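Listed here are the chains, written in short residue letters.
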Amino acid sequence: MIFSTIPLFLIFLFHIVVTSPSHQEPYKALRFSEDPSSFIQFTPDFTPFQQAISVCCWVKENSSPTYPTILYVSGGELTMLADGNSIGLFDRYMHLGSKISVIRGRWYHQCATWEYSTRSHKFYNNGVLIGSQTTRAGRRFTTSATLTIGNWGGNVRRNELAGDLYDLNFYATELSGEDVRRMYNIGLCQPGAGRHHEQDRLIRWEDIQRKSRSGSVIDTDVDITISGECVSLLRLANITRQLDETQAALNETQAALSETNEVLSETQAALIETQQ
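Here is a short report on the structure shown in this document.

Conventions we followed
Sequence order as written defines residue numbering, which begins from 1 separately in each chain. Local features in this predicted model are restricted to residues whose pLDDT is 70 or higher, and side-chain atom pairs enter the listing and the counts only when it is 80 or higher, whereas totals over whole chains, interfaces and linings include all residues. Only hydrogens and water are removed before side-chain values are computed, so all heavy atoms of the structure are retained for them. In DSSP terms, a helix is any run of H or I states spanning at least four residues, a strand is any run of E spanning at least two, and both are numbered starting from the N terminus. Per-residue accessibility, obtained with a 1.4 Å probe over protein chains only, is compared with the maximum for each type, and a residue is labelled buried under 20%, exposed over 50%, and partly exposed between these values. The contact criterion used is simple: two residues touch if any of their non-hydrogen atoms lie within 4.5 Å. Computed with the Shrake-Rupley method and a 1.4 Å probe, the accessible areas treat only the protein chains shown as cover for residues. Think of a salt bridge as a Lys or Arg side-chain nitrogen and an Asp or Glu carboxyl oxygen that are within 4 Å of each other. A pair of strands is considered paired only if DSSP assigns at least 2 bridges between the two. Take the buried Ala, Val, Leu, Ile, Met, Phe, Trp, Tyr and Cys residues and link them wherever side-chain atoms come within 4.5 Å; each set so joined is a nonpolar core. Two rings from Phe, Tyr or Trp (for Trp, the six-membered ring) form a pair when their centres are within 6.5 Å of each other. A pair whose planes differ by under 30 degrees is stacked, one over 60 is edge-to-face, and the rest are tilted. Two thresholds decide whether a charge sits over a ring: the Lys NZ or Arg CZ must be within 6 Å of the ring centre and within 35 degrees of the ring normal.

**Details of the overall build of the protein chain**
In terms of helices and strands, the protein chain carries five helices and 15 strands. By residue count, 45% of the 276 residues in the protein chain fall in the buried class. Intrachain contacts of the protein chain at a sequence separation of at least 6 include 75% that bridge at least 24 residues. Per element, the accessible surface of the protein chain, about 13,800 Å² overall, is 52% carbon and sulfur.

**A few points about the pattern of salt bridges**
One pass over the structure, following the stated rule, counts twelve salt bridges. The network of salt bridges with common partners includes Glu198, Arg201, Arg204, Glu206, Asp207 and Arg210.

**Some details on the sheet that holds strand E5 (residues 78–81)**
Strand pairs in the sheet, formed through backbone hydrogen bonds, run parallel or antiparallel to each other. One open sheet accounts for seven strands, arranged E7-E6-E5-E4-E11-E2-E14; its pairing is antiparallel. Both outer strands of the open sheet, strand E7 (92–94) and strand E14 (213–214), are each paired with one neighbouring strand and no more. Direction of pairing for strand E2 (residues 39–42) relative to strand E11 (residues 147–149): antiparallel, over a ladder of three bridges. Bridging across to E11, Gln41 finds its partner in Thr148.

**Observations regarding the nonpolar core**
With 45 residues, the main nonpolar core has Leu165, Leu168 and Phe170 as its most contacted residues. For this core, the element with the most residues is strand E3 (residues 52–61), which contributes five residues. In contact with Phe170, not counting residues within four places along its chain, are Phe49, Ile53, Ser54, Val55, Leu71, Leu78, Leu147, Asp200, Arg201, Leu202 and Ile203. Counting residues in each nonpolar core, the second largest holds seven residues, with Tyr124, Tyr171, Leu175 and Met183 among its members.

**Focus on the packing of aromatic side chains**
One pass over the structure, following the stated rule, counts eleven aromatic pairs. Ring centres 5.9 Å apart and planes at 85 degrees place the aromatic pair Trp114 and Phe141 in the edge-to-face group. Of this pair, Trp114 sits in strand E8 (residues 107–115) while Phe141 sits in the loop between strand E10 (128–134) and E11; the two residues are 27 residues apart in sequence, bridging distant segments of the chain. Pair check on accessibility: Trp114 and Phe141 agree, each one buried. Taking the centre distance of 6.3 Å and the plane angle of 80 degrees together, the rings of Tyr166 and Trp205 count as edge-to-face. One end of the pair, Tyr166, is in strand E12 (residues 163–171); the other, Trp205, is in helix H4 (residues 205–208), and 39 residues separate them in sequence. Looking at Tyr166, the relative accessible area reads 1%, which means it is buried. Exposure remark for Trp205: the relative accessible area of 4% places this residue in the buried category. Aromatic ring contacts, followed pair by pair, group Phe46, Phe49, Phe90, Trp114, Tyr116 and Phe141 into a single cluster. Here the guanidinium or amino end of Arg140 rests over the ring plane of Tyr116, the centre of that ring lying 3.6 Å away. Between the NZ or CZ atom of Lys211 and the centre of the ring of Phe42, over which it lies, the distance is 4.6 Å.

See the structure below:
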């Protein structure tokens, strides 16, 4: 007799849909205090970014420093300020402060992209392209440059971030405008809802969080419950993930049942032969 797995599947599905909670563990941001000694600094390998790069993050200002620096790569290779007043690549800067209305305590999504062949450097705020410039011909990243997060090089007064930073990632590709809009629309739940271009995400937020910290840089919660869409996406991702796990378990169960069925058939045949 072959056992049907349909009732078992329905039971698993009901359990997942009814009992699966939305994302309850708050995501962690990094909070940089208002002093120049609070930053993270390390030297990543920029070799994979010679043809293209995209740097995206969420940022929230908690104070009003003069130059709220999200990140700075030594030699002016790459610069991002939370207020848009200095968005730089290869020591060429766009001053976009007039296009960003920063409200203290509010999250903003920012993304800078660049591609070598077109020499196009673009900057997006909350999913909208607000500035672009052309870089020098033949210019590429120095492979061993120092990356400072939260300050313009480290210990530079009036250049502290003095705010919260979340989900900062470096991609070895030029994200399209649609990619950036999708990131912004998904919102703060991006990591749990699933990423696009995951294979290109080479300097990762979860690795940055484990780097050595200078001064006062602490973990702080990110309240993703402010977005109903975000919670829905996380619930869907959670259900999808558990469905995949359940399907894998069902496949194993089906295989085991098939083997059992074969043994039963062989046993039954042996009994018939014995009776004859």
